[in-house]
Amino acid sequence: MDKVFIEGLEVDTLIGAYDWERGIRQCLRLDLTFAWDIRPAAATDDLSQALDYAAVNQHVQAFARAARFELVETFAERLAAELLAHFGAPWLRLRVTKPGANPAARAVGVEIERSRP
């Protein structure tokens, strides 16, 4: 299976378990990899046969604006389910990085892989 990826997508969202985090929006950095058969798009040069990066970006940005989670884990699970359902990819890998969450580390986060049932 081919893979389509979007790397370093930044979103602002309300995320965090601490009181001081509940009143501010924070940046998350996302790396997404979708299983996607690119052959139909390559054969026809037709965007409707491809995974539309702009549409994925718009969907992710809208999700992040509306999200109100304490945990990065919850953000990742819910976003993965949303993307699989909306775009119809059979599988995806999602890495969610929260820069600045730990002063001793460049970033912390989670990486998950999920498939459609």
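For the structure itself, consult the block above.
Since we're looking at a predicted model, the values are computed, not measured.

Next up on the list: the overall build of the protein chain. A count of helical and extended segments in the protein chain gives 3 helices and 5 strands. Projected onto its principal axes, the C-alpha positions of the protein chain cover 50 × 25 × 25 Å. Burial statistics for the protein chain: of 117 residues in total, 37% are counted as buried. Considering only residue pairs separated by 6 or more positions, the protein chain has 58% of its internal contacts joining residues 24 or more positions apart. Once the 14 positive and 17 negative side-chain charges of the protein chain are each reduced to a mean point, those two points are 4 Å apart.

On to helix H3 (residues 72-87), then. An ideal rise of 1.5 Å per residue puts 22 Å on 16 residues; H3 measures up with 22 Å between its terminal C-alpha atoms. Considered for burial, the residues of H3 that qualify are Val 72, Phe 75, Ala 76, Leu 79, Ala 80, Leu 83, Leu 84 and Phe 87. Down the axis, H3 shows its buried residues gathered within 145 degrees of arc, on one side only. Here the buried face of H3 lies against strand S1 (3-15), strand S2 (26-35), helix H2 (53-66), strand S3 (68-69), strand S4 (91-99) and strand S5 (107-115). Just downstream of H3 lies Gly 88, where phi reads positive at about 75 degrees.

Rules and cut-offs
Residues numbered from 1 in each chain as written. Predicted model: local features only at pLDDT ≥ 70, side-chain atom pairs only at ≥ 80, totals over all residues. Heavy atoms only, no water. Helix = DSSP H or I, 4+ residues; strand = E, 2+ residues; numbered from the N terminus. Buried < 20%, exposed > 50% of the residue type's maximum accessible area, 1.4 Å probe, protein only. Contact = heavy atoms within 4.5 Å. Lys, Arg positive; Asp, Glu negative; His and termini not counted. Charge placed at Lys NZ, Arg CZ, Asp CG, Glu CD. Expected span 1.5 Å × (residues − 1). Arc of directions from axis to C-beta.

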